[in-house]
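Okay, here's what each chain looks like letter by letter:
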Amino acid sequence: MIPVPDAPPSQPLNGSPVAWWRRWWRRLPPSRQDRFATLAPLFSVVLFLSAIVVAITYLRYEEIKREQEAVTRDVEYAQQRLRLRLLERQEQLMRLAREVDNRETSTEEFAFQAETLISQFPELLAISWVDARRTIVSSYASPSAPLALMRPLGSTMGVGETDGSFELARDLRQPIYSRPLGEQERHTTLMLQVPLTEQGRFAGTVMGEYSVDGLLRFGMPPEIMARYAVALLDDRGRVLAGSLQSSSDVLRLLPWSDQPLEHEAPVSPVGNGLILKAQGYRTSQDIVGTGFFWVIGALSALTVWMLLGTWRHTRRRVQAQQALVAETNFRRAMENSMLTGMRALDLQGRITYVNPAFCTMTGWTEAELVGRTAPFPYWPEDDHEQLAARLDDELCGRTTPGGFEVRVQRRDDGIFDARMYVSPLIDPKGHQTGWMTSVTDITEPKRIREELSASYERFTTVLESLDSAVSVAPLGSDEMLFANKMYRLWFGTRGQGHRHLVDLTSNQPTPSPDNGDAVDAFAGMPTETLTDAGAENAEVFVEELDRWMEVRTRYLTWVDGRLAQMVIASDITPRRNAETQAALQNERAQTASRLITMGEMASSVAHELNQPLTAISNYCNGMISRLNEQRITTDELLSALEKTARQAQRAGQIIQRIKAFVKRSEPNPMPSDVPTMVSNAIELADIELRRQQVRLSPYVAARLPSLMVDPILIEQVLINLLKNAGEAIAQAGRPPGERYVELRVGPRRQEEQEVVEFSVRDSGNGVPAEMIERIYEAFYSTKSEGMGIGLKLCRSIVESHHGRMRVENIYNGEAVVGCCFSFWIPVISRLQPEDAMPEPAATSLSDTERAR
């Protein structure tokens, strides 16, 4: 509440009013005089602004009232114009109805008169003659009328089409207007039913249909349309014709500006079903009056602000004094709550101030320390000379910015380590009055630092004793951040060895080449994905050391925030040599297996070669005999020579196939045609199968993709599986009708990848269940004369091509009727070169056999 001085009496006792007010003013206390002198202008401005607001509001309300009366008057005038126009059309339709009642017009004449009325008055859309049974006797509709109003002669109107107006005209025997019909704006119609009578009985109606939009456009005075936004509404407030202003269309310069002035009135003789509504356009925004109001308001607000500023200025001294006391109390509370000890010395080395934290550290009270000179009671007896020298340096200004470490003795004779920082103590005039010292207890940080140092020594000892080279260097720099003993032994102390190992692994990000300062080239870049990633391994050959190295790299953030790369290089030369020897032994075993296979098939191959050689011998002996007897013609001789050549070619193909199969060569993965590999394997294995009287039934799916494999090794696997199948059938002693082997090759999907599966099914006795787990072991065989390396090599060959091999028995109920060996090779192999060969067109095996 704003204080107000005591009010004076209603009338002065004597003298002039001015003199009386002066005496009353002098009798007020000074504090009230100052307050009244400050608030009186404020009250004056507020009263003046209130008077301006009341005057402008009153004038505005008077103007709105006059404008509203003008809107009401114009709307009533427009409503009368619409009423007269509707009554004129109603009278014309009633005259037409009388002619129909008096039988003075025919249907043709009715249509002609209706056409004349519609052409003269555009708001009329259709005029119809309807009998008592709602049948259209005659009708004419405007060409612009909707299709629903073009009623054919003889059609019957529904009950809902007239909205009850037909029944009312029949019952009341007077013209009846319907409510506005139609849901679409601009297509709403108004129906007038004029009843017809014949000898006192109801004979139908003359029905006129108006366009509500036409009534507005042709019946509304133009001056009204120019000044107002006019619309025709139904009893639900729905706009049927015209348009009204929205609230967002009005620019409101004052917060209390009113909505547009409007008035509405029902249209006679239709009634409340059709309402005329008009809204006045805001032709002028009253910029002058509104601007005058805002100028007065701004000037008054400025005056109030200046008066308030003067009022605050008178209280500034008190507020400044209170702020100074609060600041002093705050600084004292801050010094008392600090955990860092504070000590002040004058220029002679006498203690002038200590804070509570310093007293807590030393155990001495402020009264016991202030005014003391060296030696101070918190100095240990053994360090007096050293601390006295430190004090002399401190008083002479010979101190380091990083402070110095000392020992401090507590009152209970305890000792703790502390670090002191010394700075000059300057008064407000800029003169030095002494020295301020801050004391921090560093006993615990010192202990932690010593433990970290010992841990670092242990960690360094472990790294130095590793048999692997460990190095850390920033990216894109030859600077070495760390290198252990093995790295220094192999590569020296410089960073070229680290960079060389990273280049060999091809895993080094390249920083910007224009970075010439010493700051990390990757500073500011998001490196979380690099440091969070796992280590990456690579095996490289270092020519300078003549060694194979397994290099593991990992990104890390160094202690100074730079992105660095750690490299761990281990010597794997002995392991690589062992792997090379193992690969060589595996290759020799594969070659030996092929030789063993051909040795086991030697008798069958000899029998196969004996047939073409016997035929060649017979052809040659026959030709010699007939040449001696001169009983051979040239054509017969050429025919015999051709047959001899074909038999020789057949024998050569058999020998060439055996030579290619047993030839020792390095594994050579290449894009290989699956039908060709299967055909080559069958060509050799079928010799042994025919000797054992086993029928081979091959099936190769069409359009198989090429495989990135060594074709000789895959053929070796197929030959071994087919030969084993034939031997299993022979060992089982199956009758001739059951001695068969099925070879099926087709596409499949295994382990989320596309593969080609090879399966060999025989009709033998299968593999005993207890032997299935050991069937792939080296030197384990189910045959008495077997060596136990065939299936082991087959599985190794398949897995070296990233495939898998399996075996399962074939059951008929509970009886084993055969065995199935299958393996698959992935279509997309890691051995596939970048420029893969196009897939060859697949050829069925039967076509290959016929070609062979």
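Keep in mind the model is a prediction, meaning the values are calculated, not measured.

(A) Summary view of the pairing of strand β2 (residues 136-141). One ladder, built from 5 bridges, connects strand β1 (residues 124-131) with β2; its direction is antiparallel. Its bridge partner lying in β2, Ala126 is registered against Ala141. Following β1, the chain reverses through 4 residues before pairing antiparallel with β2; Arg134 in that reversal takes a positive phi of roughly 65°.

(B) A look at the sheet that holds strand β7 (residues 239-242). Taken together, the 4 strands give an open sheet; going across it, the order is β7-β6-β9-β8, and neighbouring strands pair in antiparallel fashion. Each end of this open sheet is capped by a strand with a single partner; those strands are β7 and β8 (262-267). Averaged over neighbouring strand pairs, the angle between their axes works out to 25° when direction is ignored. Both β8 and strand β9 (residues 271-280) contribute to a ladder of 6 bridges, which runs antiparallel. In the sheet register, Val267 faces β9, and the bridge partner there is Gly271. In this fold helix α5 (residues 212-219) packs onto β6 (228-233), β7 and β9, with an angle of close to 35° to the strand it touches most, β7.

(C) Broad picture of helix α11 (residues 384-395). For α11, with 12 residues, the first-to-last C-alpha span of 16 Å sits near the 16 Å given by 1.5 Å per residue. On the buried face of α11, the contacting elements are β10 (341-346), β12 (404-409), β13 (415-426) and β14 (432-441). Just past α11, the residue Gly397 takes up positive phi, approximately 85°.

(D) Spatial organisation of the environment of Asp383. Secondary-structure assignment places Asp383 in the loop between α10 (366-369) and α11. Overall, the relative accessible area of 11% leaves Asp383 in the buried class.

(E) Region of interest: the sheet that holds strand β25 (residues 804-812). With mixed pairing, 5 strands are arranged side by side in an open sheet as β21-β23-β24-β26-β25. Strand pairing shows two members of the sheet lacking a second neighbour, β21 (695-700) and β25, which therefore form its edges. Sheet twist, expressed as the average angle between the axes of neighbouring strands with direction ignored, equals 20°. For β25 and strand β26 (residues 815-826), the ladder comprises 9 bridges, and the chain directions are antiparallel. In the sheet register, Met805 faces β26, and the bridge partner there is Phe823. Sitting on the sheet, helix α19 (residues 674-691) touches β21, β23 (740-750) and β24 (753-762), and the angle it makes with β21 is about 175°. The strands touched by helix α20 (residues 711-732) are β21, β23, β24, β25 and β26; relative to β24, the strand with the most contacts, the crossing angle is about 30°.

About the cut-offs
- Residues numbered from 1 in each chain as written.
- Predicted model: local features only at pLDDT ≥ 70, side-chain atom pairs only at ≥ 80, totals over all residues.
- Heavy atoms only, no water.
- Pairing = 2+ DSSP bridges.
- Helix = DSSP H or I, 4+ residues; strand = E, 2+ residues; numbered from the N terminus.
- Axes fitted to C-alpha atoms, helices over the stretch in contact; angles between N-to-C directions.
- Contact = heavy atoms within 4.5 Å.
- Expected span 1.5 Å × (residues − 1).
- Buried < 20%, exposed > 50% of the residue type's maximum accessible area, 1.4 Å probe, protein only.

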